[in-house]
Amino acid sequence: MANKYREEIVGKRFLSVSGFTKLKSGKIGEWGWRAGVIRAASHKDSTHPDLQVLVEYDDVEWHRREWISIYKEGLFHLFMVEHSLVWTDRVDPLTPNGSSTVVWPALSFTPLVATVDLAENQQPLEFLLDRELAFRDYSRLQPFQEWDPKLPGLRDYPELRAAVRRWSEMQDGQRILVTTPSVLVGYRVEVYRAEGTTQWYTAVIVSYNEATRDLTVTDDTVLEEHNEDPCVVQMRLIGDGVVESIMRGENVGITPRRSRSSAVLTQQQQQLPSRVGRSSGAAPTGGSGTSSSSGGSGANTRSYNTNTGAAPVSRKLRTGKLPPTGEQPPPAAEAAATPAAQTPLGSSDKGKSSLQNARLRAVVI
């Protein structure tokens, strides 16, 4: 089935001829044609007199993109946007000698600005894959219906078939985003970033506003919500076969993906107990705790707050006393009079120690 022409211009390719170029009569191929992609627009209506478009030219880096007012007087002789896909003949660019003629898919264009008239047989075309420019009579071209390997003159090149599939999926995906966005809640998209140092950001569609026709998406990078209109900024559905599945009415079960920072934090929390367990085994005797052991009975183990990944403060730090080791605590009076930790007494000091203990008990009584 042939793809219908879509009105919105974001995501479409364009051809332009600067208004400052001196046009050579009869040499249309030397008019200084430039090509690229429209990434965003200031208005949904492509005929609005104040329309501005954010474009990326093929011959420069994307970060040198620019906003242009296409209807500004004298700025362009021609500004044409992608219209449809057609079949036409050309010299086969994939043969070594280039002597054979084949049928090839190409993009046709429709003018938004035209200060010069083009002859019927001098309408511009852009071939898929290599983007070579050619000029044909549109009335003699065959509209693209579907990929048909039996089409006379068509060579079934895998890379050419893939280019046609990408173009078709892009048209279908954009049509879904604009006409039936309510079915896309929960799906992942790639959104063009009109401002900033990155070209695209990935997000999950979380809601759709019927009144404004905006999609609310959650940015994976900063976990912030943005309201985006697919009619004025380019968006692309993410996932192999997702567009085709939606077109068939299937639920592919797309769910929001956790952010990278959240995944890293969870991984660190899972690793913390094992790391501390290994280091605790080497701690000197008399520390704030013993290492956890799966074989020893009554061995002390440390638990961690899974929300923060941090170890709890030990009882020694909170009370100044060592944690219990399985022995019964001394009576309150004896605990008050006895130091928290004692060094072993030598045999010569045992008598003195017994006398001191007797005196202490007498004082308590």
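Residues numbered from 1 in each chain as written. Predicted model: local features only at pLDDT ≥ 70, side-chain atom pairs only at ≥ 80, totals over all residues. Heavy atoms only, no water.

Overview of the overall build of the protein
- The helix and strand inventory of the protein stands at six helices and 14 strands.
- Of the contacts made within the protein by residues no fewer than 6 positions apart, 55% connect residues no fewer than 24 positions apart.
- With the model as given, the accessible surface of the protein reaches about 22600 Å², and the carbon-plus-sulfur share is 51%. (Helix = DSSP H or I, 4+ residues; strand = E, 2+ residues; numbered from the N terminus. Contact = heavy atoms within 4.5 Å. Areas by Shrake-Rupley, 256 points an atom, 1.4 Å probe, with all protein chains shown as cover.)

Re the pairing of strand β8 (residues 133-136)
- When strand β7 (residues 123-127) meets β8, the two strands line up antiparallel, connected through four bridges. Paired with Q123 across the bridge in β8 is R136.
- Joining the antiparallel neighbours β7 and β8 is a turn of five residues, in which L129 adopts a positive phi near 85°. (Pairing = 2+ DSSP bridges.)

Examining the pattern of salt bridges
- For the structure on display, the rule yields 18 salt bridges.
- Note that K24 is salt-bridged to E30, the shortest N-O span being 3.5 Å.
- Here K24 falls in the partly exposed class, since its relative accessible area comes to 44%.
- A salt bridge links D130 to R90; the shortest N-O distance between them is 2.8 Å. With a gap of 40 residues between them, D130 in the loop between β7 and β8 and R90 in strand β5 (residues 76-91) connect regions that are remote in the sequence.
- Residue class for D130 comes out partly exposed when judged on its relative accessible area of 35%. (Salt bridge = Lys/Arg side-chain N within 4 Å of Asp/Glu carboxyl O. Buried < 20%, exposed > 50% of the residue type's maximum accessible area, 1.4 Å probe, protein only.)

Considerations on the packing of aromatic side chains
- For the coordinates displayed, the defined rule picks out nine aromatic pairs.
- Ring centres of F14 and Y57 lie 5.6 Å apart, and the angle between their planes is 75°; on these two criteria the pair is classed as edge-to-face. With F14 in strand β1 (residues 13-18) and Y57 in strand β3 (residues 52-57), this pair connects stretches of sequence that are 43 residues apart.
- The class of F14 is buried, set by a relative accessible area of 0%.
- We classify Y57 as buried; its relative accessible area is 8%.
- Aromatic pair W33 and F135: ring centres 5.8 Å apart, planes at 55°, arrangement tilted. With W33 in the loop between β1 and β2 (34-41) and F135 in strand β8, the pair connects residues that are 102 residues apart, well separated along the chain.
- Residue classification places W33 among the buried residues on the basis of a relative accessible area of 15%.
- Above the plane of the ring of Y57 lies R34, whose end atom (NZ or CZ) is 3.7 Å from the centre.
- Sitting over the face of the ring of W104, R90 holds its NZ or CZ atom 5.0 Å from the ring centroid. (Phe/Tyr/Trp six-rings, centres within 6.5 Å; stacked < 30°, edge-to-face > 60°. Lys NZ or Arg CZ within 6 Å of the ring centre and 35° of its normal.)

Some remarks on the confidence of the model for the protein
- Overall, the predicted model of the protein reaches an average pLDDT of 77, with 67% of residues at or above 70.
- Across residues 258-348, confidence stays below pLDDT 50; counting only partners more than four residues off in sequence or on other chains, it has 45 contacts. (pLDDT = per-residue confidence, 0-100.)

Details of the sheet that holds strand β10 (residues 188-192)
- If you walk across this open sheet you meet the five strands as β13-β12-β11-β10-β14, and the pairing is antiparallel. Each having just a single partner strand, β13 (225-228) and β14 (235-237) make up the two edges of the open sheet. Each strand of the sheet is rotated relative to its neighbour by a mean of 40°, with strand direction disregarded.
- In this sheet, strand β11 (residues 200-208) lies alongside β10 in antiparallel orientation, the contact comprising five bridges. From the neighbouring strand, R188 faces β11, where its bridge partner is V204.
- Helix-sheet contacts for helix α1 (residues 158-179) involve β12 (215-219) and β14, and the interaxial angle to β14 is about 110°. (Axes fitted to C-alpha atoms, helices over the stretch in contact; angles between N-to-C directions.)

A look at the environment of R65
- When you line up the elements, R65 lands in the loop between β3 and β4 (66-69).
- With 27 residues separating them along the chain, R65 and I38 place their C-alpha atoms 9.8 Å apart.
- Other than its neighbours up to four places away in sequence, R65 contacts L54, V55, E56, Y192, R193, A194, E195 and G196.

Let's talk about the side chain of Q123
- Assignment of secondary structure puts Q123 in strand β7.
- Side-chain polar atoms of Q123 contact the backbone oxygen of A119, separated by 2.9 Å.
- What Q123 contacts, discounting residues up to four positions off in sequence, is L118, A134, F135, R136 and Y138. (Polar contact = N/O pair within 3.5 Å; in protein donor to acceptor, adjacent residues only side chain to side chain.)

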